[in-house]
Amino acid sequence: MQKTLENAPDAQPGKKPPRGNQTLAKRVREALLSLGGEAHRAIVIEMVAKTLGHDGRQIPEDLQASLILSFEDNWRDERKRAAYGFHLPFGEGSHRWGVLREDAYVH
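Keep in mind it's a predicted model, so treat the numbers as computed, not measured. (Residues numbered from 1 in each chain as written. Predicted model: local features only at pLDDT ≥ 70, side-chain atom pairs only at ≥ 80, totals over all residues. Heavy atoms only, no water.)

### Here's the deal with the pattern of salt bridges
Let me state the cut-off plainly: One side-chain nitrogen of Lys or Arg within 4 Å of one carboxyl oxygen of Asp or Glu is enough to make a salt bridge. Helical segments are the DSSP runs of H or I of at least four residues, strand segments are the runs of E of at least two, and each set is numbered from the N terminus. Each residue's exposure class comes from its accessible area (1.4 Å probe, protein chains only) as a fraction of the maximum for that residue type: buried when under 20%, exposed when over 50%, partly exposed otherwise.
Summed over the entire model, instances satisfying the criterion amount to 4 salt bridges. When the shortest N-O distance is used, the salt bridge between Lys-50 and Glu-46 registers 3.2 Å. On the criterion of helical spacing, the pair formed by Lys-50 and Glu-46 is a turn pair, its members being 4 residues apart in helix H2 (residues 41-51). Overall, Glu-46 belongs to the partly exposed group, its relative accessible area being 31%.

### Considerations on the packing of aromatic side chains
Between two aromatic rings, the relevant description is the distance of the centres plus the angle of the planes. Using the following cut-off: Pairing of aromatic side chains here covers Phe, Tyr and the six-membered ring of Trp, requires ring centres within 6.5 Å, and sorts the geometry by plane angle: under 30 degrees stacked, over 60 edge-to-face, intermediate tilted.
By the definition in use, this model includes 3 aromatic pairs. Look at Phe-71 and Trp-97: their rings are 4.2 Å apart centre to centre, the planes differ by 5°, and that puts the pair in the stacked class. Highlighted residues: Phe-71 in helix H3 (residues 61-76) and Trp-97 in strand S3 (residues 96-99), separated in sequence by 26 residues. One exposure class covers both Phe-71 and Trp-97, and it is buried. Ring pairing ties together the aromatic residues Phe-71, Tyr-84, Phe-86 and Trp-97, which thus form one cluster.

### Description of the sheet that holds S3
What counts is decided by this rule: A strand pair is defined by DSSP finding two or more bridges across the two strands. We call two residues in contact when some of their heavy atoms are within 4.5 Å. To get an axis, a line is fitted to the C-alpha atoms, and for a helix only the part in contact is used. The angle between two axes follows their N-to-C directions and goes from 0 to 180 degrees.
With respect to topology, 3 strands assemble into an open sheet ordered S1-S3-S2, the strand pairing being antiparallel. Where the open sheet ends on each side, the last strands, each with one partner, are strand S1 (38-40) and strand S2 (86-87). The pairing of S1 with S3 spans 3 bridges and is classified as antiparallel. Residue pairing for S3: Glu-38 is matched across the bridge by Gly-98. Along the sheet, H2 contacts S1 and S3; its crossing angle with S1, the most-contacted strand, is approximately 95°.

### A few points about H2
Put simply, the rule reads: Working note: the arc is built from the helix axis to C-beta atom directions.
For H2, the set of buried residues is Arg-41, Val-44, Ile-45, Val-48 and Ala-49. What you see down the axis of H2 is that its buried residues fit within an arc of 130°, all on one side.

### Some remarks on the confidence of the model for the protein
We apply this condition: As a per-residue measure, pLDDT tells how confident the predictor is, with possible values from 0 to 100.
On average, residues of the protein score 83 in pLDDT, and 75% of them are at 70 or above. Segment residues 1-18 is flagged for pLDDT under 50; beyond a separation of four residues in sequence, or across chains, it makes 20 contacts in the model.

### A word on the side chain of Asn-74
How we decide: We call two N or O atoms a polar contact when they sit within 3.5 Å, provided that within protein one can donate a hydrogen and the other can accept it, with sequence-adjacent residues counted only if both atoms are side-chain atoms.
Looking at the secondary structure, you find Asn-74 in helix H3. Among the polar contacts made by the side chain of Asn-74, one reaches the main-chain carbonyl oxygen of Ser-70 at a distance of 2.7 Å.

Laid out in structure tokens, this is it:
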């Protein structure tokens, strides 16, 4: 059985999970923060996949695509970018993802 967001270890029975893109964005943010604030997207995807119970060597393509889309959607939207702190340290087209720490973008 493949794990999904609905049956992830932290899912609560009887509660509807938050919208998928927002949940993935939060997981990407947590992974980036634990990696020191920035990392290659492949490393971030692997880390998130492991937290969802997947084997890091066989990450489902749809999960990879969803994580990339989640980051890109939130990075492109100015309001969401401010909420999550996502940025591309080497500019658009780069596969290195970054997140600003709260104290850096709240002020």
